[in-house]
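Chain residues, written in single-letter form:
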Amino acid sequence: AQFVESGGGLVQPGGSLRLSCAASGFTFSRYYMSWYRQAPGKERELVAGISTTGDDTTYADSVKGRFTISRDNAKNTVYLQMNSLKPEDTAVYYCKAKWSRFDYWGQGTQVTVSS
């Protein structure tokens, strides 16, 4: 499995970013996809998840109403739209694919929210 994550960067508080995670090497449409993040000195945490069809999503309380996860199975890509960003959203963001006992992680993309 391979991933190409993109869209991270430096943004001011209140700004927006859209992360993308393009996958290859496995049957993307079979996999539950999610985004995690890890801030310095903290454990990795789940940010959002999306079912194989995109019908069901879940979000961490800290991002509800601000972040939206989506997927395009034709493009083997999962997205994370992040609005109203806060300094506490600063972290490395990882995409993850899971199906049965198979579990694949992206390499991570840095998001920094600072003025």
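Student: How do you make sense of the overall build of the protein chain when you look at a structure like this?
Tutor: A tally of helices and strands in the protein chain yields 0 helices and 11 strands. By the compact-globule yardstick of 13 Å for 115 residues, the protein chain fits well, its C-alpha radius of gyration being 13 Å. Considered along the principal axes of its C-alpha atoms, the protein chain spans approximately 40 × 25 × 25 Å. Every one of the 115 residues in the protein chain was classed for burial, and the buried ones make up 42%. In the protein chain, of all internal contacts separated by at least 6 residues, the share reaching a separation of at least 24 is 52%. About 6100 Å² of surface is accessible on the protein chain, with carbon and sulfur atoms providing 46% of the total.

Student: Honestly, the side chain of serine 34 in this entry has me stumped. Any pointers?
Tutor: Along the polypeptide, serine 34 turns up in strand β4 (residues 32-38). In contact with serine 34, not counting residues within four places along its chain, are Leu46, Ala48, Gly49, Ile69, Tyr94, Cys95 and Lys96.

Student: What's the story with the pattern of salt bridges in this structure? I'm lost.
Tutor: Side chains that carry opposite charge are capable of pairing whenever their charged atoms lie near each other. For the structure shown, the criterion picks out 6 salt bridges. Across the salt bridge formed by lysine 64 and aspartate 61, the nearest N and O atoms sit 3.2 Å from each other. In this structure, a network of salt bridges that share partners links the residues Arg37, Glu45, Arg66 and Asp89.

Student: What's the story with the sheet that holds strand β1 (residues 2-6) in this structure? I'm lost.
Tutor: Spatially, β1-β3-β8-β7 is the arrangement adopted by the 4 strands of the open sheet, whose pairing is antiparallel. The open sheet terminates on both sides in strands that have one partner only, identified here as β1 and β7 (67-72). Averaged over all pairs of adjacent strands, the angle between their axes in this sheet comes to 15 degrees, without regard to strand direction. Direction of pairing for β7 relative to strand β8 (residues 77-82): antiparallel, over a ladder of 6 bridges. Pairing of phenylalanine 67 across the sheet is with methionine 82, part of β8.

The rules we used
- Residues take numbers from 1 onward in each chain, read along the sequence in its written order.
- The predicted nature of this model means local features are confined to residues of pLDDT at least 70 and side-chain atom pairs, given and counted, to a pLDDT of 80 or more, with totals for whole chains, interfaces and linings taken over all residues.
- Side-chain measures here rest on the full set of heavy atoms in the structure, leaving out hydrogens and waters.
- Helix and strand definitions follow DSSP, with helices as H or I runs of at least four residues and strands as E runs of at least two, each counted in order from the N terminus.
- Radius of gyration means the value over C-alpha atoms here, while the globule rule gives 2.2 Å times the residue count to the 0.38 power.
- The buried label goes to any residue with under 20% of its type's maximum accessible area, the exposed label to any with over 50%, and the partly exposed label to all in between, with areas taken from a 1.4 Å probe on protein chains only.
- Pairs of residues are marked as contacts when any of their non-hydrogen atoms sit within 4.5 Å.
- Per-residue and other accessible areas were derived by the Shrake-Rupley procedure at a 1.4 Å probe size, with only the shown protein chains allowed to occlude residues.
- Salt-bridge detection follows one rule: a side-chain nitrogen of Lys or Arg within 4 Å of a carboxyl oxygen of Asp or Glu.
- Any two strands with at least two DSSP bridges between them are considered paired.
- A fitted line through C-alpha atoms serves as each axis, taken over the contacting stretch for helices, and the angle formed by two N-to-C directions is quoted from 0 to 180°.

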